[in-house]
Amino acid sequence: MNKNVVITGILLTWAFVSFAQSSLTIEASQLFTNFKFKDSQGEKLNKEYNGIYSGAYRISYRYDFDMGLMLRLGVGMRNAGANLTYDGSQYSWRLKYLEESLGVGYKYKLNKISPYLLVSFYLSQLLQGSQILNNEHFNIIDAESLKTSDLGLIFSPGVEFDVNDDMAAYLSFDYLLGLSNLEKIEAQKSSNSALGLTLGLQFKF
C-alpha cells in the first residue's frame, strides 16, 4: 500500500477525532422481550408467544462530533426469553447474553436538551439459557437446542439532558430486531425481539 495513502488516512482520522468529545456512558434498560417464530411449514406463531419483562446493562465509549454525529462502542449483558402455551403444554425460555455493540447516530443540539437517534449493530454470545417444558428444566447450552450466538439491530430514539459541562443524562426508547436464526433446525426460524426503555449517564472527558 502506498505510504502517502496510509499517512493521509492517519492524518484524516486524527483530524476527525480531534473535533470529537470523548465520553464514557453507563446505562440500564427495562425490556419487554419476545420471540418471532416461523415453523417448518412456514406458519408464523408470533401471536402464541407471550413476552416477558427483563433487563439489560451496558457500558460504552462514545464520540460526539460537533456536526452532531455520534459513534458508540459498547459491551453489556442482556436478558431475553418468552413464554408459550401450545397444544396443552407450557413452554418458557430464559436467556442471558454477553453483548457487544457498535452504534452510529445523530444528535440535534438544543441548548441543554438534545434529541437523538442511534442505530446499533449488536453481536451477542449466550452465557446461560434454560427451557422449561411443563415442569421439566433443560439447559439450552448443554442440550444444544438453540444457537449460542445472536446478531441484530437496535433502534434508539432518545433525549439527552446536560447536567453540567462534564455530565449528561439520557432516556431512550429501544426496539431490538434480531436478524439471526436461533434455531438449530434450519427449517424453523426464530429470532429475538424486544421493546425497552433505557436510562443512562454520560461522563465527558
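This write-up is about the structure you can find in this document. Please read all numbers here as calculations on a predicted model, not as lab measurements.

Right, let's get into a positive patch on the surface. On the surface, K36, K38, K44 and K189 cluster together into a positively charged patch. Within the secondary structure, K36 sits in strand β1 (residues 20–38). Classification of K36 by relative accessible area gives partly exposed; the value is 34%.

To continue, consider the pairing of strand β5 (residues 89–107). Judged from the 18 bridges that link them, strand β4 (residues 69–86) and β5 form a sheet pairing that is antiparallel. Following the sheet pairing, N83 is matched in β5 by S92. From the end of β4 to the start of β5, which pair antiparallel, there are two residues, and D87 there has a positive phi angle of about 50°. In this structure, β5 lies alongside strand β6 (residues 113–133), joined through 17 bridges in antiparallel fashion. Bridge assignment links S92 to a residue of β6, and that residue is I132. Linkage of β5 to β6, two consecutive antiparallel strands, is achieved through a turn of five residues, within which N111 is found at a positive phi near 55°.

This next bit is on the packing of aromatic side chains. The geometry of an aromatic ring pair comes down to the distance between the two centres and the angle between the two planes. In total, this model carries eleven aromatic pairs according to the counting rule given. For the ring pair F32 and Y53, a centre distance of 5.0 Å and an interplane angle of 55° mean the geometry is tilted. Here F32, found in strand β1, pairs with Y53, found in strand β3 (residues 52–65); they are 21 residues apart in sequence, far enough to count as distant. What makes F32 partly exposed here is its relative accessible area of 33%. A centroid spacing of 5.9 Å and a plane angle of 40° characterise the contact between Y61 and F205, whose relative ring orientation is tilted. Placement of Y61 in strand β3 and of F205 in the segment after β10 (189–204) is noted, with a sequence separation of 144 residues between them. Connected via pairs of aromatic rings, a cluster forms that spans F35, F37, Y49, Y91 and W93.

Take the nonpolar core next. Residues F35, Y49, W93, L95, Y97, I140 and L146 are the most contacted members of the largest nonpolar core, which totals 14 residues. Sorting the residues of this core by element identifies β1, β4 and β5 as the ones contributing at least two each. With near-sequence residues (within four places) excluded, L146 lies in contact with W93, L95, I140, L182, E183 and K184.

Attention shifts here to the pattern of salt bridges. A full pass over the atoms with the stated rule returns eleven salt bridges. A salt bridge links R58 to E27; the nearest nitrogen and oxygen atoms lie 2.2 Å apart. Placement of the pair is R58 in strand β3 and E27 in strand β1, with a sequence separation of 31 residues. The exposure classification of R58 matches that of E27, with both residues buried. Where K204 meets D162, a salt bridge forms, and the shortest distance between an N and an O atom there is 3.5 Å. Remark: D162 occurs in strand β8 (residues 149–162) and K204 occurs in strand β10; sequence separation between them is 42 residues. Grouping residues by exposure puts K204 and D162 together as buried.

A few words on the layout of surface pockets. Empty space within the largest pocket amounts to approximately 340 Å³. Taken together, 17 residues line the largest pocket, and the ones lying closest to its centre are F37, Y49, W93, E183 and Q188. Looking at the lining of the largest pocket, the elements with two or more residues in it are β1, β4 and β5. Within the lining of the largest pocket, the residues separate by chemical class into ten nonpolar, four polar and three charged. Taken as a whole, the second largest pocket spans an internal volume of roughly 220 Å³. In this structure, the second largest pocket is lined by 14 residues; those nearest its centre are D64, F65, D66, K107 and K109. Mapped by element, the contributors of at least two residues to the lining of the second largest pocket are β3, β5 and β8. For the lining of the second largest pocket, the per-class residue count stands at five nonpolar, two polar and seven charged.

Procedures and definitions
Residues numbered from 1 in each chain as written. Predicted model: local features only at pLDDT ≥ 70, side-chain atom pairs only at ≥ 80, totals over all residues. Heavy atoms only, no water. Patch = residues over 30% accessible without salt bridge, like charges linked within 9 Å, V, L, I, M, F, W, Y side chains within 5 Å. Areas by Shrake-Rupley, 256 points an atom, 1.4 Å probe, with all protein chains shown as cover. Salt bridge = Lys/Arg side-chain N within 4 Å of Asp/Glu carboxyl O. Lys, Arg positive; Asp, Glu negative; His and termini not counted. Charge placed at Lys NZ, Arg CZ, Asp CG, Glu CD. Helix = DSSP H or I, 4+ residues; strand = E, 2+ residues; numbered from the N terminus. Buried < 20%, exposed > 50% of the residue type's maximum accessible area, 1.4 Å probe, protein only. Pairing = 2+ DSSP bridges. Phe/Tyr/Trp six-rings, centres within 6.5 Å; stacked < 30°, edge-to-face > 60°. Core = buried A, V, L, I, M, F, W, Y, C linked by side-chain atoms within 4.5 Å. Contact = heavy atoms within 4.5 Å. 1 Å grid on protein atoms, 1.4 Å probe; cavity = no way out; pocket = protein on both sides within 12 Å on 5 of 7 lines; lining within 4 Å. Points joined across faces, edges and corners; volume = space filled by probe spheres on them. Nonpolar A, V, L, I, M, F, W, Y, C, P; charged D, E, K, R; others polar.

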